[in-house]
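# Examination of the molecular architecture
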Amino acid sequence: MPEEIFEVFNDHNGKIGEAPRSEVHQKGLYHRAVNVFVVDLNGYIFLQKRSQKKDTSPGCWCYGAGEHLKPGESYLEGAKRGLKEELGVSGVRLVRIRGSKLIHVEHENGLIDNEFDELYVAFSNGPFKLDQEEGRIWHRFGSMDEFQTILHLEGPKTVAHLSTKTLPLEKSIVTSDS
């Protein structure tokens, strides 16, 4: 399978070109990604555990779905694609809860993520069809309090920037009419 190609951006999120995934992460080039929290209609939060095969944050807890954007793809299109590819879910309500924010993470293996990242919440009770190729383990946490407790207890076992993304989530669950 050919290596993924990412659009590359300057530090103001203006497109300047394209590069292979490996080069983007080795050089810490700016690129775009989207992450989606999946919340059921009762407000329970779903997370997944990343495969040990992943080049960034292997074996860590992360969002319901996350994607690097393909060339020409919008954040919303990437969110929809991620839900379909990773969970087998489509046609669900998506709410953007945070616009583009630069996230900088230096991984233990030397790779660097400089992502302009948007965050969405999707409302769905499933059923979910997990991408078995990724070797993910799906886990259902309960309330926002339980979710925050897991983040506190397993901080080093979560993707490096997960806790910074949870801050707007509680407000979106409380204020969104699901």
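Rules and cut-offs
Residues numbered from 1 in each chain as written. Predicted model: local features only at pLDDT ≥ 70, side-chain atom pairs only at ≥ 80, totals over all residues. Heavy atoms only, no water. Helix = DSSP H or I, 4+ residues; strand = E, 2+ residues; numbered from the N terminus. Expected span 1.5 Å × (residues − 1). Buried < 20%, exposed > 50% of the residue type's maximum accessible area, 1.4 Å probe, protein only. Contact = heavy atoms within 4.5 Å. pLDDT = per-residue confidence, 0-100. Core = buried A, V, L, I, M, F, W, Y, C linked by side-chain atoms within 4.5 Å. Salt bridge = Lys/Arg side-chain N within 4 Å of Asp/Glu carboxyl O. Pairing = 2+ DSSP bridges.

## Comments concerning helix 2 (residues 75-87)
- End to end, helix 2 covers 18 Å across 13 residues, agreeing with the expected 18 Å (1.5 Å per residue, within 8%).
- Looking at helix 2, one finds that the buried residues are Tyr75, Gly78, Ala79, Arg81, Gly82, Leu83, Glu86 and Leu87.
- Immediately downstream of helix 2, the backbone of Gly88 shows phi near 70°, a positive value.

## A word on the environment of Lys70
- Assignment of secondary structure puts Lys70 in the loop between strand 6 (65-68) and helix 2.
- Under the relative-accessibility criterion, Lys70 is labelled partly exposed at 43%.
- On a C-alpha basis, the gap between Lys70 and Glu4 in space is 8.1 Å, while along the polypeptide they are 66 residues apart.
- Contact partners of Lys70, with chain neighbours within four places excluded, come to Glu7 and Arg81.

## Comments concerning the confidence of the model for the protein chain
- The predicted model of the protein chain has a mean per-residue pLDDT of 81, with 80% of residues at 70 or higher.
- Averaged pLDDT values for the elements of the protein chain fall to 45 in helix 5 (residues 169-175) and rise to 98 in strand 2 (residues 15-20).
- The model gives residues 170-178 a pLDDT under 50, and that stretch makes 14 contacts with residues more than four places away or in other chains.

## Describing the environment of Gly28
- Summarising the element assignment, Gly28 is placed in the loop between helix 1 (21-27) and strand 3 (30-39).
- Residue Gly28 is classed as buried on the basis of its relative accessible area, which comes to 11%.
- Separated by 82 residues in sequence, Gly28 and Gly110 have C-alpha atoms that sit 9.7 Å apart.
- The residues contacting Gly28, other than those within four sequence positions of it, are Glu23, Ile112 and Asn114.

## Digging into the nonpolar core
- Among the nonpolar cores identified, the biggest contains 16 residues, and Val34, Val36, Tyr75, Ala79, Leu83, Leu94 and Tyr120 are the most heavily contacted of them.
- Looking at which element gives the most residues to this core, the answer is helix 2, with four residues.
- Setting aside anything within four residues of it in sequence, one finds Tyr75 in contact with Asn13, Arg32, Ala33, Val34, Leu69, Ser100, Phe116, Asp117, Glu118 and Tyr120.

## Some words on the pattern of salt bridges
- Tallied over the entire structure, the rule returns nine salt bridges.
- Two residues, Glu7 and Lys15, come together in a salt bridge whose shortest N-O distance is 3.2 Å.
- Among the residues examined, Lys15 registers a relative accessible area of 48% and is labelled partly exposed.
- Residue Glu73 is joined to Arg81 by a salt bridge in which the shortest nitrogen-to-oxygen separation is 2.8 Å.
- A residue is classified by how much of its surface remains accessible, and Glu73, at 12% relative accessible area, is buried.
- What you see here is one network of salt bridges that share partners, running through Glu67, Glu73, Arg81 and Glu85.

## Regarding the pairing of strand 2
- Here five bridges tie strand 1 (residues 5-9) to strand 2, and the two strands are oriented antiparallel to one another. Bridging across to strand 2, Glu7 finds its partner in Glu18.
- Hairpin connection from strand 1 to strand 2: five residues lie between these consecutive antiparallel strands, with Asn13 at a positive phi of about 70°.

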